[in-house]
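# Report on the structure
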Amino acid sequence: MELSAEYLREKLLRELEAEHVEVEDTTLSRCAASFRVLVVSSKFQGKPLLQRHRLVNSCLTEEMQHIHAFEQKTLTPEQWDKERQKWGAEQGGRPPPPH
């Protein structure tokens, strides 16, 4: 299986009906796959962190067998808006950098 940041991003967007997804390939060597993701989805509304992470993990069940390290941040659209506003105020209105 060929894993790429774009492949994971598209799958998370589609299956979690996400508003926003960022995937960073953090693989240092080509021996094992490593990724960091940010997923913004209304499906996370009212769910604690563990349930949110389980939703992401279940979406990527097959892929997780080939991933060595996986870091995730899961936000509702409201949390994402607040985070961007806070970051923008602290940075003089500039948008946040990619995750």
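A brief structural summary. (Residues numbered from 1 in each chain as written. Predicted model: local features only at pLDDT ≥ 70, side-chain atom pairs only at ≥ 80, totals over all residues. Heavy atoms only, no water.)

Before going further, it helps to examine unusual backbone geometry. Of all residues except glycine, most have a negative phi; of all peptide bonds, most are trans. At Glu 17, a residue that is not glycine, the phi angle is positive and equals roughly 50°. With respect to the helices and strands, Glu 17 occurs in the loop between α1 (5–15) and β1 (20–25). (Helix = DSSP H or I, 4+ residues; strand = E, 2+ residues; numbered from the N terminus.)

Attention now moves to the pairing of strand β2 (residues 33–40). Of all 8 residues in β2, 7 are buried; the element is thus mostly enclosed. Pairing analysis gives 6 bridges linking β1 to β2, with the strands arranged antiparallel. Within β2, the residue paired with Asp 25 across the bridge is Phe 35. Sheet topology note: the β2/strand β3 (residues 67–75) ladder contains 8 bridges and is parallel. Directly across from Phe 35, in β3, lies its bridge partner Phe 70. (Buried < 20%, exposed > 50% of the residue type's maximum accessible area, 1.4 Å probe, protein only. Pairing = 2+ DSSP bridges.)

On to the sheet that holds β1. Pairing in this open sheet of 3 strands is mixed, and the strands run β1-β2-β3 from one edge to the other. Of all strands in the sheet, those with a lone pairing partner are β1 and β3, marking the two edges. Going from strand to strand, the sheet's axes swing by 15° on average, the running direction of each strand aside. Relative to the sheet, α1 contacts β1, β2 and β3, its axis offset from that of β1 by approximately 155°. Strands β2 and β3 of the sheet are contacted by helix α2 (residues 49–59), whose axis makes an angle of about 125° with β3. (Axes fitted to C-alpha atoms, helices over the stretch in contact; angles between N-to-C directions. Contact = heavy atoms within 4.5 Å.)

For the rest of this paragraph, the subject is the nonpolar core. Residues Leu 8, Leu 12, Val 21, Val 23, Phe 35, Val 39 and Val 56 are the most contacted members of the largest nonpolar core, which totals 17 residues. Mapped onto this core, the elements with two or more residues apiece are α1, β1, β2 and α2. By residue number, the principal contributor to this core is β2, which donates 4 residues. Discounting chain neighbours no more than four positions away, the residues touching Phe 35 are Leu 3, Ser 4, Ala 5, Leu 8, Val 23, Glu 24, Asp 25, Thr 26, Ile 67, Ala 69, Phe 70 and Glu 71. (Core = buried A, V, L, I, M, F, W, Y, C linked by side-chain atoms within 4.5 Å.)

Let us look at the side chain of Ser 41. For Ser 41, the location among the structural elements is in the loop between β2 and α2. Ignoring sequence-local partners within four residues, the contact set of Ser 41 consists of Leu 16, Glu 17, Ala 18, Leu 75, Thr 76 and Pro 77.

Let's shift gears to the side chain of Lys 11. Tracing the sequence through the fold places Lys 11 in helix α1. Taking the relative accessible area as the measure of exposure, Lys 11 reaches 12% and is therefore buried. Contacts of Lys 11, omitting those with residues within four sequence positions, involve Leu 16, Cys 59, Leu 60 and Glu 63.

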